[in-house]
Amino acid sequence: MHLNNGTDPHAIGTKLPAPEARYDMVVVGAGPAGLAAALAGAGEGKSVLLVDENPIPGAAMGNDVPLLFGGRMTTATQSAVRMLETVFMSEPQLEAAMEAGVEVLLGTSAWGVYRNGPGMTGLPESVVALADKDRGWIVGYNELVLATGARDLAIGFPGWNQPGVMGAAALERLLAHYEAFAGKRILIVGSHDLALETALLARDKGVEVAGLVEVRSAPQGDAALAEAVRAAQIPFFLEDAPAEAIGGIDGVERVRLRSGAEIAVDTIVLAIGLVPSIELIDAMGGKRVLDGARGGYIPGENEGVTCVGDCAGLADTGFDHVEYRMEWARELGALSKPDTIVCQCEEVTRADLLGVQPPRYLERPAPMQARSLDTLIKDGPPNPDQIKRLTRAGMGVCQGRRCRDQVAMMLAMAADGPFGSVPLATHRAPVRPLPLRILADWEESEEMRAGWDVWFGIPTQWVPYRDIDTPREREHQTAIAEGWSL
Amino acid sequence: MTYVGMPTPKETPQETMAKIAGTAAGMKVVIVGGGVSGLSAGWWLARSGAQVTVLDKGIVGWEASGRNGGGASHYQSPLFEEEQRMWPHMDELLGYPTEHQQERLVIAVSPKQLNQYHYLAKMNNDMGYRVDLLDGDQVRSMVPLAGDNCLGGMHYRFGGHANPQRSVQAYAWALQDLGGRIYQHNPVTGFETEGGKVVAVHATSGRHECDAVVVAAGPQIQGLMAKLGVVVPLAAARAEMIVTEPAPMMPIGGVDGNGLYGRQTLRGNLAYGGGPHEWLETFEAGPPARPSSPLTRNLARRVAELFPKAAHLNVIRSWAGIVENTPDGRPIIDRMKDPENVTVITMSGVGFGLSPASGHAVRDLVVDGQCSFTDIKKLSLSRFDGIGADWREQRGWQAPQAA
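Residues numbered from 1 in each chain as written. Chains lettered and ligands numbered in written order. Predicted model: local features only at pLDDT ≥ 70, side-chain atom pairs only at ≥ 80, totals over all residues.

Take the overall build of chain B next. Along the backbone of chain B there are 11 helices and 18 strands. What you see for chain B is a C-alpha radius of gyration of 21 Å, in line with the 22 Å of a compact globule of 403 residues. Each principal axis of the C-alpha atoms in chain B carries an extent, and together these give about 65 × 55 × 35 Å. When each of the 403 residues of chain B is scored for burial, the buried share is 66%. Long-range contacts, defined as pairs at least 24 residues apart, comprise 74% of the intrachain contacts of chain B with a sequence gap of at least 6. (Helix = DSSP H or I, 4+ residues; strand = E, 2+ residues; numbered from the N terminus. Rg over C-alpha atoms; globule rule 2.2 N^0.38 Å. Buried ≥ 20, exposed ≤ 12 C-beta atoms within 10 Å, placed from the backbone. Contact = placed C-beta atoms within 7 Å.)

Take a look at the structure:
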């Protein structure tokens, strides 16, 4: 019997590399909350690294990562130099942070946080994994501050899967930071603070606002904001909803409301809500809790990690965001058709999602067609990760950003339970789609190379059955084992 | 629907199904563990007329069965020819898609790899399984994503791959269609024995009477069998994979090499794993977590080397699975002497591809007491009789102390 004399050369051991650099504090996200944390850290004499993924590469924006850009960015976003300058100029505090000694890296995303814990002891220390346009690397930290903000909540309706349907956070990014919004006339979906603020921002930036559509009977947000919107002559379409976005090759041209009204716009801005960006916390196996008043799932207590700004939860104004978005999901679901797309990347329709049907490139024999979410629910509460692997909803290049939340809402409705009764589909690193060549460790250690095996490195495992316990067994083992360390 | 490179089977799968129909009529079988091995066993038993109940601690196929590379080319196994006979018919027999595809290519980007692949090619050809050797240009004509760094490779005229997640669900659904019952979120809490047999299995869903039990609970087999006084030496470890956004479809999706296992899915994604594992403690309730590590970067590098023309593609996920291994890395497929109606199956980390055959073997052990189609005696549990309590330490397979 093969023995390794107490060591396994193919186990992880100490093969995972030490970080390239270490900081007292790493801050992810250079919005106001991240900048404040970085400045405070520097003020205490800490070594601080502040990373921010802006400007987002054009290819990522095209995939609606990390926000729902809806293809409405101008060609200006294709110029990396111009974008870097614009982002830098849009945030005066960046310069202050640099002057205070903070190391600032723009165009740098944090795509994973790794730490030892249940199921993992092989890391030399806790690390944050970073990537810019040229390479990926890891850094160590004593203190990690996540200021990753909030992303757009998307809920589909007929025609939403075309250019010109975007999110409020993406619009804010394009208008206020990138100066690169390609639309001219917008319709805003929702009327809570986010929607109202979006309307006022758009108006200030010279974008024509055709109105706000609200499923409930009155504007939902702050009364003074709603008044400011009214004073700007922007109409509310109350107890209404977008029934269909109609367009051409350049995307949206007009929208038909449930009430029958048709409005000519080039962009529909989903401003129903924002979702705190908990990707990194969730992917690292951190705790999260559901808090409807703070925008849904927010980080729980996680040792060594502080969350600030919107990613820690939206400001609690007493408004139940989850109830509000569930009401929208019910309404837009009712207006949807069986062939309305839910997952844009994988082109999963509403009917196929609820029928747990496989993608169109596979056969659907009779037993398959007879299956549905109902038959799965009989076996236990639906789990989005199970639905994902059957329907492929959420499996695409946007990493589920466009459909994760609406799928969770659809499953909760189908299971007749509240939103939290169905778990959220898990986030996994890399939490940004990153090219193989960028992610790759091109400078891996000799120890990693030498210890690499395709599977567990157990030579007896691959000996042909007929040769087990024969003289040929040793020959195969030797030959196979020599091939290890490729 | 047979392979060029394999001996022609004596019987069609449909004939086998007709032959076993009714052979286990009235038999109540409880399967502990809804992974691919347990579900396939349950499906074969249900095809034989047994009343099958599957108990799982969580969701079917949630562990290694649904997280692996989907390979189906394990020529070292005595189950291999049966696996190869069955796979091309599984969609039809199950009634659900598995995404099974035939044939594989293994390509080398270093001289050492090429030497190893040549050795494996010869080993296979000696066994009567046809493998063609390829030079770099031949590989590049068959694998559009391969690059100038490719030195050659081999073409298995057998084997293949399937979608693990879809296949596991296909087994589960097919089993239900035959009257089988699947209880998810139902960990087994104990066994009730009487006269040298297990007469009932207790789970959170209640008491399940049985004539026979199949324990197919992956890493949790050890703890479960300990309740019956049977020692099953197993060690669990974490293995990792990554997947890219879709690439243009290659004519043969089952391409790997360069220290990787994996495939191009029918959607086009490149899904690959390999590299160092981490040994873990085992918990009765299952793994507390399945974390990925920065090994993602080493995997990305190797995929980029394997497919230089895909190096620009985005990686969109990484994941990890918890896999159990026996001390020699070979399966245990065995019916116990005491309690004599208990059959254990662990495939020691190589279970998905062989599942159409492993279920048949388990069906045979449960119903007939012996495997009808191949010799599996070398996979008996008794080969580990008297193994020292420190067998993991001897191999360096112990879980490191948590930091």
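From this point on, the discussion continues.
With that settled, the discussion passes to the overall build of chain A. Each helix and strand counted, chain A has 17 helices and 22 strands in total. For a compact globule of 486 residues, the expected C-alpha radius of gyration is about 23 Å, and chain A comes in at 25 Å, within 12% of that figure. Expressed as lengths along the three principal axes of its C-alpha atoms, the size of chain A is roughly 90 × 65 × 40 Å. Looking at chain A as a whole, 55% of its 486 residues are labelled buried. Intrachain contacts of chain A at a sequence separation of at least 6 include 67% that bridge at least 24 residues.

Right, let's get into the packing of helix H3 (residues 80-90) of chain A against helix H5 (residues 168-178) of chain A. Helix-helix packing: each pair is described by the crossing angle between the helix axes and the interaxial distance. Residue and element names in this part refer to chain A. Their axes nearest at 9 Å, the elements H3 and H5 cross at an angle of 85 degrees. What the angle tells us is that H3 and H5 run roughly perpendicular. Across from Met83, Thr86, Val87 and Ser90 in H3, the residues of H5 making contact are Ala176, His177 and Tyr178. Split by residue class, the contact of H3 with H5 holds four nonpolar, three polar and no charged. (Axes fitted to C-alpha atoms, helices over the stretch in contact; angles between N-to-C directions. Parallel < 35°, antiparallel > 145°, perpendicular 65-115°, else oblique. Nonpolar A, V, L, I, M, F, W, Y, C, P; charged D, E, K, R; others polar.)

Residues and elements named next belong to chain B. Partitioning chain B into structural domains gives domain 1 (13-98 + 164-232 + 328-395) and domain 2 (101-161 + 235-325). For domain 1 versus domain 2, the separation of C-alpha centres amounts to 27 Å. Taken together, the contact pairs 26 residues of domain 1 with 28 residues of domain 2. Partitioning the side of domain 1 that touches domain 2 into residue classes produces seven nonpolar, 15 polar and four charged. (Domains from an automatic or database assignment.)

Below, the discussion takes up the sheet that holds strand E7 (residues 188-194) of chain B. The strands that make up a sheet pair up through hydrogen bonds in the backbone, lying either parallel or antiparallel. Residues and elements named next belong to chain B. Taken together, the three strands give an open sheet; going across it, the order is E7-E8-E9, and neighbouring strands pair in antiparallel fashion. Unpaired on one side and paired on the other, E7 and strand E9 (206-209) mark the two borders of the sheet. The mean angle between the axes of side-by-side strands here comes to 25 degrees, regardless of whether they run parallel or antiparallel. In this structure, E7 lies alongside strand E8 (residues 197-203), joined through six bridges in antiparallel fashion. Looking across to E8, one finds that threonine 193 is bridged to valine 198. (Pairing = 2+ DSSP bridges.)

Under the domain assignment used here, chain A contains domain 1 (21-150 + 277-312), domain 2 (152-274 + 318-421) and domain 3 (453-482). Between domain 1 of chain A and domain 3 of chain A, the C-alpha centre-to-centre distance is 47 Å.

Each side of the interface is counted separately: chain A has 76 residues, and chain B has 83 residues. Elements that contribute at least two residues to the side of chain A that touches chain B include exactly strand E5 (127-131), strand E6 (136-146), helix H11 (366-369), helix H13 (384-391), strand E22 (434-435), helix H15 (436-439) and helix H16 (446-451) of chain A. In terms of residue class, the side of chain A that touches chain B is made up of 43 nonpolar, 20 polar and 13 charged. Relative to strand E16 (residues 314-325) of chain B, E22(A) is paired through two bridges, and the arrangement is antiparallel. Across the sheet, the residue bridging to Pro435(A) is Asn314(B), located in E16(B).

Further remarks concern the sheet that holds strand E18 (residues 342-346) of chain B. All names here are of chain B. One open sheet holds the six strands; their spatial order is E6-E2-E1-E10-E18-E17, and the pairing between them is mixed. A single partner strand is all that each edge strand has here, and the edge strands are strand E6 (181-183) and strand E17 (332-335). Each neighbouring strand pair of the sheet contributes to a mean axis angle of 15 degrees, computed without reference to strand direction. Looking at chain direction, strand E1 (residues 28-32) and strand E2 (residues 51-55) are connected through five bridges and run parallel. By the bridge assignment for E2, lysine 28 is matched with glutamine 51. Running over the sheet, helix H2 (residues 36-47) touches E1, E2, strand E10 (212-215) and E18 and is turned about 165 degrees from E2.

Residues in a regular strand project their side chains so that they alternate between the two faces of the sheet. Residues and elements named next belong to chain B. Of all 10 residues in strand E5 (residues 152-161), nine are buried; the element is thus mostly enclosed. The sheet contact formed by strand E3 (residues 101-108) and E5 spans seven bridges and is antiparallel. Note that in E5 the partner of valine 106 across the bridge is methionine 154. Here five bridges tie strand E4 (residues 131-135) to E5, and the two strands are oriented antiparallel to one another. In the strand pairing of E5, aspartate 135 is matched with glycine 152.

The amide bond that connects Val65(A) to the next residue, Pro66(A), takes the cis arrangement and shows omega of 0 degrees. Pro339(B) follows Asp338(B) through a cis peptide bond whose omega is -5 degrees. With respect to the secondary-structure elements, Pro339(B) resides in the loop between E17 and E18. The phi dihedral of Asp469(A) falls on the positive side, at around 65 degrees, and the residue is not glycine. Summarising the element assignment, Asp469(A) is placed in the loop between H16 and helix H17 (471-482).

Turning our attention to the confidence of the model for chain B. Summary statistics for chain B give a mean pLDDT of 96 and a share of 99% for residues scoring 70 or more. Confidence metrics for the complex model read pTM 0.97 and ipTM 0.96. (pLDDT = per-residue confidence, 0-100.)

With that out of the way, let us pick up the environment of Leu114(B). Residue and element names in this part refer to chain B. Of note, leucine 114 is situated in helix H5 (residues 111-127). Spatially, the C-alpha atoms of leucine 114 and leucine 151 are 7.1 Å apart, while their sequence positions differ by 37 residues. Among all residues touching leucine 114, those that are not within four sequence positions of it are Ala108, Leu151 and Gly152.

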